[in-house]
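# What the coordinates show
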Amino acid sequence: MPKKKIKIIPSILSKNKAEFIKHWKKISPYFSYAQIDIMDGEFTKQKNSITPETVRLMTKKHKLEIHLMVDGVSKYITRWAKLKNVKKIIWHYEANKNTQRIAAINNYLKNKKIKTGLAINPNTSLASIKNIISDFDTIQIMGVTPGKQGQKFQSKVITKIKALRYKYPNINIEVDGAVNDKTFKAITKAGANIVCPGSYFQKADSIKEALAKLK
């Protein structure tokens, strides 16, 4: 089985517009593609106030994927799908486990030529999504419970990554949460081909050096 090329996508988790601008300025010169996290205070304890308009004004030269950590998925999806530079939208299985609802959102985005990703929390089993995995471009496995940066990586998800890669050799497996120079090797060795470091980059004195440590 040929190994998929590893993509490193910076993840931006910001509380508000001012913090988003600061985070964006730090990573944007080094990447052409980034992930932006949206939280609603219901699915996650934390809430942020990042609007599509703020993002549109700041990110015109970049491609984006939006990671929705929200309960009212449909409402957010229609809003974010309007941005021309949004190439993928990822939402959580735990937000609404109804497979017909998931299929409807998936089809809506595919009709707009936007790739789709389904995220699962560390405690959610692959068995619970087995009938819908192949409908997605990407399965995002969370390395932490969503909503807060700087958490410790839950090593039990390594087994999940391995099992998913074994059954689906061609799917994109993305890992978000506690991705850093200490966890990167185990995550990618297990079979993930997309990794999303967040606070690892924001805390780094030098993005170039932080990237070199990952590679």
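Details of the structure are given in the entry above.
Now for a look at the structure at hand. (Residues numbered from 1 in each chain as written. Predicted model: local features only at pLDDT ≥ 70, side-chain atom pairs only at ≥ 80, totals over all residues. Heavy atoms only, no water.)

## What to know about the sheet that holds strand 3 (residues 33-39)
Read from one edge to the other, the open sheet built from nine strands follows the order 1-9-8-7-6-5-4-3-2, with strand pairing classed as parallel. Bordering the open sheet on either side are strand 1 (7-8) and strand 2 (11-12), each of which pairs with just one other strand. Looking at chain direction, strand 5 (residues 86-92) and strand 6 (residues 115-120) are connected through five bridges and run parallel. Residue pairing across strands places I89 opposite T116, the latter belonging to strand 6. Here helix 4 (residues 99-111) sits on the sheet and contacts strand 5 and strand 6; the angle it forms with strand 5, its principal contact strand, is near 175°. (Pairing = 2+ DSSP bridges. Helix = DSSP H or I, 4+ residues; strand = E, 2+ residues; numbered from the N terminus. Contact = heavy atoms within 4.5 Å. Axes fitted to C-alpha atoms, helices over the stretch in contact; angles between N-to-C directions.)

## Considering helix 5 (residues 157-167)
When helix 5 is considered as a whole, its buried residues turn out to be V157, I158, K160, I161, L164 and R165. Considered in projection along helix 5, the buried side chains sweep an arc of 160° and stay on one side of the axis. Structural note: helix 5 exposes T159, Y166 and K167 on the side pointing more than 90 degrees away from its buried face. The inward-facing, buried residues of helix 5 abut strand 6, strand 7 (138-142), strand 8 (172-176) and helix 6 (184-190). (Buried < 20%, exposed > 50% of the residue type's maximum accessible area, 1.4 Å probe, protein only. Arc of directions from axis to C-beta.)

## Regarding the nonpolar core
Among the nonpolar cores identified, the biggest contains 64 residues, and L68, W80, I89, W91, I161 and F201 are the most heavily contacted of them. The contact partners of I161, leaving out residues within four places of it in the chain, are I141, I173, V175, I187, A190, G191 and A192. (Core = buried A, V, L, I, M, F, W, Y, C linked by side-chain atoms within 4.5 Å.)

## Re the side chain of Q202
Looking at where Q202 falls in the secondary structure, it is placed in helix 7 (residues 199-202). Engagement of the side chain of Q202 in a polar contact is seen with the backbone oxygen of H23, the distance being 3.2 Å. When residues no more than four places from it in sequence are discounted, the contact partners of Q202 are H23, K26 and I27. (Polar contact = N/O pair within 3.5 Å; in protein donor to acceptor, adjacent residues only side chain to side chain.)

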